Amino acid sequence: MTNVVITTTLQSAPGSSGYLDLYPDRKMSFFKNPYILGLAAVAGIGGLLFGYDTGVISGALLYIKDDFESVRESKILQETIVSMAIAGAIFGAATGGLFNDAYGRKMSTLFADVIFIFGSIIMAAAPDPYILIMGRFLVGYAVGIASVTAPVYIAEASPSEIRGSLVSTNALMITGGQFISYIVNLAFTRVPGTWRWMLGVSAVPALVQFILMLFLPESPRWLFMKNRKNEAVDVLSNIYDLARLEDEVEFLTAEAKQDIQKNKKIRFQDVFISKEIRLAFMVGAGLMVFQQFTGINTVMYYSPTIIQMAGFKSNEMALQISIFVAAMNAIGTVLGIYLIDHAGRRILALCSLGGVFASLVLLFVSFSNQSLSAAAAAAASSTGWLAVSGLILYIAFFSPGMGPVPWTMSSEIYPKEYRGVCGGMAATVCWVSNLIVSLTFLSVAEAIGTALTFLILAIITVFAFVFVFLFVPETKGLTFDEVELIWKERAWGSTDMNKNNNNNNNNNSDSQNLLGRDNEQ
C-alpha cells in the first residue's frame, strides 16, 4: 500500500508526467523561456572548451612536430602531449565533484575558467615540449572540472520535460568546440607561430564564460541543499510561471526538510555501500567507459593523422577533411538534442551503437584493402576516400546518441546528495578511459596495424550495445525523484521497498501532504 502512495506522489510531483497531464498549460518547451536557454548556453561554454581542447591538438600536433625534432622522432612524446590534458582532466573530474558540492556550480565554473586561461597562456609561450606538456595538464584540469559542472548545473536548473534537450546543448557545445578548433587550425596554417596561436586562442572563450557567469545565478537545487531558499526562489521565478513556481518551491522545500533530517555527510565509499547508488553509478560509469572505448576521441584527436594514414599526405588537406568530420559531429548533435527528449535516451544509444559498429567495420575494411594493395599509389585514392567515408559515417551515428546520452544520464540518474560525488566519479572514469585510448591508439596501430585497431573498437561496440540493452533504463521525461525510484525498485524490488518505505513513512509526510493538495483540486 505504501509503495502505491509513494508512486502516486511521484507521479504528481511538479514536472512529472502525471502533473503535466493534469496541468498541460504549465508544460515547458525548449524555446519557451529565453532565460533558461541563455543559462544553458553560457554554462555550455565549458563544453565548448572541452571540445576545442579535444579538437585543436589534432591539428596543432602536425606543426608541433615541425618545430620540435624530439616530438617528431618520438611517438611516446606525441602521445604524452595529447594525453597530458586528459591526465589533468582526470584530476579535475575527481576533485570537481567535491568542489561542486562544497562551493557550488557557479564558483566551480569560475575557478575552472581561471585555470584554463592560465594554461592556455603557458601553452602558447612554451619554449620546449615539456613546458607545453605542463600547460596541457593545467588546461585539462580545468576541462575536467567543467565536464562535471556544466551538465549538473544545466540539469538542476532545467524543467524535467526538457532536461535532456537542455543538457544536450552541452554536448552540442563540445562538438561545436571541436568544429571551431578545426577552423582555427586551418586559419593559422600559414601564420608564423602556427600551433602557438591554435592553442593560445582557447583562452578567449574561457574569458567570455568567466565574465558572463558573474551575472548568472547559482543552481537552485544546490541553493536549497544549502538552505538558501530565498535565493533559490529568485532563480526559479525566472524559469517558471507563477502557478508552477509555487508547486516547485513547495516541493523543493519539503525535500530540503527531509535532507536536513537525514543530515548525512556523503563520502566516496557510500557510493559502493548503498545498493541503489551502486547500480546507478554502474550505469553512469559504464556509459562513460563505452563512450570512450568505442573510439570517439581517438577519431577526434587523431582524425588528421588517420586521414594521412589513409593516403592524404598534405597537412592542409587533412585539416580540411577534418573540418567536414567535425561539422558532421555538430550537426548530428543538433539532431540528438531533438531526439533525446522524443525518442528517449536508451533507444537513441542503441541505434547509435548499431551505426558505430557498421562504421568501424567499414574503416577496418578500408584500411585492410590499403595494406593488402600491391599498387599502393593507385589504390590510395579509392581506399583513402573509403576510410574518410567511414569516419564521416562514424561521426554521423555517434554524435546524436553516444555523444550526448552518457553526459545527460550522468547528470540525472543520481540522487541530489550524490550528484556531485557520483558525477565527478563518472567523469573521472570517462577521462581515465579517454587517457587509455589516446595513449595507446598510435602505438597499437603501429604494432598491429590500423585495420585491426578499428576491428577491436568494433568488437568493443558490440559489448557496449549489450550493456545498454541489459542495464540502462529509460529516463525520458522523468523527474529526479522518479529516476531515483527506478534504482530503489531494481535494488530491492517492490516487496522490500514496501518494508523500507514503512520505516521512512513519517519522513515522506511533508511531500505527500503537499502533493496530495494538487490531487484534491
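Rules behind the numbers
Residues numbered from 1 in each chain as written. Predicted model: local features only at pLDDT ≥ 70, side-chain atom pairs only at ≥ 80, totals over all residues. Heavy atoms only, no water. Helix = DSSP H or I, 4+ residues; strand = E, 2+ residues; numbered from the N terminus. Buried < 20%, exposed > 50% of the residue type's maximum accessible area, 1.4 Å probe, protein only. Contact = heavy atoms within 4.5 Å. Areas by Shrake-Rupley, 256 points an atom, 1.4 Å probe, with all protein chains shown as cover. Polar contact = N/O pair within 3.5 Å; in protein donor to acceptor, adjacent residues only side chain to side chain. Phe/Tyr/Trp six-rings, centres within 6.5 Å; stacked < 30°, edge-to-face > 60°. Expected span 1.5 Å × (residues − 1). Salt bridge = Lys/Arg side-chain N within 4 Å of Asp/Glu carboxyl O. pLDDT = per-residue confidence, 0-100. Core = buried A, V, L, I, M, F, W, Y, C linked by side-chain atoms within 4.5 Å. Patch = residues over 30% accessible without salt bridge, like charges linked within 9 Å, V, L, I, M, F, W, Y side chains within 5 Å. Axes fitted to C-alpha atoms, helices over the stretch in contact; angles between N-to-C directions. Parallel < 35°, antiparallel > 145°, perpendicular 65-115°, else oblique. Left-handed = near helix turned anticlockwise from the far one by under 90°. Nonpolar A, V, L, I, M, F, W, Y, C, P; charged D, E, K, R; others polar.

Undergrad: Looking at this model, I keep getting lost on the overall build of the protein chain. Mind explaining?
TA: Along the protein chain, the regular secondary structure elements total 25 helices and zero strands. Residue burial in the protein chain is summarised as follows: out of 521 residues, 60% are buried. In the protein chain, once contacts between residues fewer than 6 apart in sequence are set aside, the share between residues at least 24 apart is 83%. Of the roughly 19,900 Å² of accessible surface on the protein chain, 66% is carried by carbon and sulfur atoms.

Undergrad: I tried to follow the side chain of threonine 475 on my own but got confused; where do I start?
TA: With respect to the helices and strands, the residue threonine 475 is situated in the loop between helix 23 (450-471) and helix 24 (480-503). Here the side chain of threonine 475 touches glutamate 412 through a polar contact of 2.5 Å, side chain to side chain. With near-sequence residues (within four places) excluded, threonine 475 lies in contact with Arg163, Arg345, Met409, Glu412, Ile413 and Val483.

Undergrad: Help me understand the packing of aromatic side chains, please; the structure alone is not making it clear to me.
TA: Given two aromatic rings, one states the distance between the centres and the angle between the planes to describe the pair. Scanning all chains against the criterion turns up 12 aromatic pairs. With centroids separated by 4.8 Å and ring planes inclined at 45 degrees, the aromatic side chains of phenylalanine 50 and tryptophan 431 adopt a geometry described as tilted. Placement of the pair is phenylalanine 50 in helix 4 (residues 45-67) and tryptophan 431 in helix 22 (residues 416-448), with a sequence separation of 381 residues. For the pair phenylalanine 50 and tryptophan 431, one class covers both residues: buried. With centroids separated by 5.5 Å and ring planes inclined at 45 degrees, the aromatic side chains of phenylalanine 467 and phenylalanine 471 adopt a geometry described as tilted. A residue pair is termed a helical-turn pair when its members lie 3 or 4 positions apart in one helix, as phenylalanine 467 and phenylalanine 471 do in helix 23 at four residues. Classification of phenylalanine 471 as partly exposed rests on a relative accessible area of 35%.

Undergrad: Got a minute to help me understand helix 9 (residues 163-187) in this structure?
TA: In an α-helix there are 3.6 residues to a turn, and that puts residues three or four apart on one side. Here helix 9 spans 36 Å end to end across 25 residues, near enough to the 36 Å set by a 1.5 Å rise per residue. The buried count for helix 9 comes to 18 of 25 residues, which makes it a mostly enclosed element.

Undergrad: Explanation requested: the pattern of salt bridges in the structure shown.
TA: Between side chains of opposite charge, a pair can form as their charged atoms come close. Applying the stated criterion across every chain, the model contains 12 salt bridges. Residues arginine 26 and aspartate 247 are paired through a salt bridge, measuring 2.8 Å at the closest nitrogen-oxygen approach. Taken together, the positions of arginine 26 in the loop between helix 2 (17-22) and helix 3 (34-43) and aspartate 247 in helix 14 (residues 242-262) put the pair 221 residues apart, joining distant regions of the chain. Owing to a relative accessible area of 14%, arginine 26 belongs among the buried residues under this scheme. As a salt-bridge pair, arginine 105 and glutamate 156 come within 2.8 Å of each other at their nearest N and O atoms. Residue arginine 105 is located in helix 7 (residues 105-125), and its partner glutamate 156 is located in helix 8 (residues 129-157); the two are separated by 51 residues in the primary sequence. In terms of burial, arginine 105 and glutamate 156 fall into one category: buried.

Undergrad: Just checking my understanding: could you explain the confidence of the model for the protein chain for this structure?
TA: Detailed reading of predicted coordinates is not advised where the pLDDT is low. Looking at the protein chain, pLDDT values average 82 and 83% of them are 70 or higher. For residues 373-379, every residue scores under 50 in pLDDT, and the model assigns this stretch two contacts once sequence neighbours within four places are set aside. Confidence drops under pLDDT 50 across residues 497-521; counting only partners more than four residues distant or on other chains, this segment forms 44 contacts.

Undergrad: Sorry if this is basic, but what is going on with the environment of phenylalanine 179 here?
TA: Mapped onto the elements, phenylalanine 179 comes out in helix 9. In this structure the C-alpha to C-alpha distance between phenylalanine 179 and isoleucine 323, which are 144 residues apart in sequence, comes to 6.2 Å. Setting aside residues up to four positions removed in sequence, phenylalanine 179 forms contacts with Ile323, Ala326 and Ala327.

Undergrad: For this particular structure, what's the right way to read the nonpolar core?
TA: In globular proteins that are soluble, nonpolar side chains generally tend to be buried together. Of all hydrophobic cores here, the largest spans 96 residues; its most connected members are Ile64, Trp195 and Leu199. For this core, the leading source of residues is helix 22, giving 11 residues. What isoleucine 64 contacts, discounting residues up to four positions off in sequence, is Ile57, Val71, Ile81, Leu132, Trp195 and Leu199. In terms of nonpolar packing, the next biggest core, distinct from the first, is built from 31 residues, Ala43, Leu110, Ala157 and Ile239 among them.

Undergrad: What's the story with a nonpolar patch on the surface in this structure? I'm lost.
TA: Taken together, the side chains of Met282, Phe357, Val462, Phe465, Val466, Phe469, Leu470 and Phe471 define a hydrophobic patch exposed on the protein surface, amounting to about 690 Å² of accessible area. Broken down by element, the nonpolar patch gets its largest block of residues, six residues, from helix 23. Here phenylalanine 465 lies in helix 23.

Undergrad: Any chance you could explain the environment of leucine 223 here in plain terms?
TA: Take leucine 223: it is sitting in helix 12 (residues 220-225). On a C-alpha basis, the gap between leucine 223 and glycine 104 in space is 8.3 Å, while along the polypeptide they are 119 residues apart. Each residue touching leucine 223, except ones within four places of it in the same chain, is listed here: Glu218, Arg228, Glu231, Ala232 and Val235.

Undergrad: Just checking my understanding: could you explain the packing of helix 4 against helix 8 for this structure?
TA: The description of two packed helices rests on the angle between their axes and on the distance between the axes. For the pair helix 4 and helix 8, interaxial distance at closest approach is 8 Å and the crossing angle is 155 degrees. The angle between the axes of helix 4 and helix 8 places the two elements in the roughly antiparallel class. For the pair helix 4 and helix 8, the sense of crossing is left-handed. Residues Gly46, Leu49, Phe50, Asp53, Ile57 and Ile64 of helix 4 form the contact with helix 8, whose participating residues are Leu132, Arg136, Val139, Val143, Ala146 and Ser147. When the residues that make up the contact of helix 4 with helix 8 are grouped by side-chain class, the tally is eight nonpolar, two polar and two charged.

Undergrad: In this structure, what is going on with the packing of helix 3 against helix 8? I would like to understand it.
TA: One way to put it is that helix 3 packs onto helix 8 with a least axis distance of 9 Å and a crossing angle of 170 degrees. Classified by the angle between their axes, helix 3 and helix 8 sit roughly antiparallel to one another. Contact residues: Ile36, Leu39, Ala40 and Ala43 in helix 3; Ala150, Tyr153, Ile154 and Ala157 in helix 8. Partitioning the contact of helix 3 with helix 8 into residue classes produces eight nonpolar, no polar and no charged.

Undergrad: Looking at this structure, how should I read unusual backbone geometry?
TA: Trans is the prevailing form of peptide bonds, just as negative phi is the prevailing case for residues other than glycine. Of note in the backbone geometry, asparagine 227 takes a positive phi value of approximately 60 degrees without being a glycine. Here asparagine 227 is to be found in the loop between helix 12 and helix 13 (229-237).

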